[in-house]
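# Descriptive structure summary
For reference, the chains in residue letters:
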Amino acid sequence: MDKSELRKLQAFLRQSLGNEEIRVTPDPKNPDDGAVLLGERKIAAISVDDEDGDRSFAFSMKLPVGRETLQSYLRKLFENDKLTLAPHGRKTDSVELNSGEDFLGVISADDAKRQSFTLQIAILDFDLEDF
């Protein structure tokens with residue numbers, strides 16, 4: 001990822017998640033990927049997918065909390081009360097994350113007991129055009 005993409009991804013995430021403290025930097029372990037920081041803490045990773053000719057980015061964030069506290073955890077983490085969870089079709093092992101009316105991504109269970117989850121947001125290149 002180049003500096004321009006990192007800057008656009010940062011602006012996109014700040015707007016989508018509602019927190020101006022989010023920073024996106026090159027991942028020190030893999031310079032092709034991005035690290036998402038909140039303060040000094042790495043909270044997520046972004047990888048590039050350009051296999052099919054279209055460039056897109058995959059945001060992945062581990063959530064170390066159970067289902068009953070996911071929404072409050074995310075609202076507190078990002079200081080954004082507009083973040084809400086909604087059913088993800090008929091699936092019981094995942095939910096959608098929304099900011100107001102806007103769909104952001106899918107949160108899926110990592111284990112059968114549903115004690116940890118992963119938030120995945122697909123960011124397409126045209127999502128970044130306005131940044």
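Just above, that's the structure.
One structure accompanies this document, and this report is about it. Here the structure is a predicted model, which is why all the values come from computation and not from measurement.

## Considering the packing of aromatic side chains
All chains considered together, the criterion is met by one aromatic pair. Geometrically, the ring pair formed by F12 and F131 is edge-to-face, given 6.1 Å between the ring centres and 90 degrees between the ring planes. Residue F12 is found in helix α1 (residues 3-17), and its partner F131 is found in the segment after β8 (117-124); the two are separated by 119 residues along the sequence. Overall, the relative accessible area of 13% leaves F12 in the buried class.

## What about the pairing of β8?
Judged from the eight bridges that link them, strand β4 (residues 56-63) and β8 form a sheet pairing that is antiparallel. Its bridge partner lying in β8, S56 is registered against L124. Taken together, the four bridges between strand β7 (residues 102-109) and β8 define a ladder with antiparallel strand orientation. Within β8, the residue paired with I107 across the bridge is L119.

## Concerning the sheet that holds strand β1 (residues 22-26)
Think of a sheet as strands paired side by side through backbone hydrogen bonds, with each pair either parallel or antiparallel. On the basis of which strands lie adjacent, the open sheet formed by eight strands has the order β1-β2-β3-β4-β8-β7-β6-β5 and antiparallel pairing. With one partner strand each, in any of the chains shown, β1 and β5 (83-88) form the two edges of the open sheet. When strand polarity is set aside, the average angle formed by the axes of neighbouring strands in this sheet is 30 degrees. In the packing of α1 onto the sheet, contacts are made with β1, β2 (34-38), β3 (41-49), β4, β5, β6 (91-99), β7 and β8, and the angle to β1 comes to roughly 155 degrees. In the packing of helix α2 (residues 70-78) onto the sheet, contacts are made with β1, β2, β3, β4, β5, β6, β7 and β8, and the angle to β5 comes to roughly 150 degrees.

Thresholds, definitions, all that
- Residues numbered from 1 in each chain as written.
- Predicted model: local features only at pLDDT ≥ 70, side-chain atom pairs only at ≥ 80, totals over all residues.
- Heavy atoms only, no water.
- Phe/Tyr/Trp six-rings, centres within 6.5 Å; stacked < 30°, edge-to-face > 60°.
- Helix = DSSP H or I, 4+ residues; strand = E, 2+ residues; numbered from the N terminus.
- Buried < 20%, exposed > 50% of the residue type's maximum accessible area, 1.4 Å probe, protein only.
- Pairing = 2+ DSSP bridges.
- Axes fitted to C-alpha atoms, helices over the stretch in contact; angles between N-to-C directions.
- Contact = heavy atoms within 4.5 Å.

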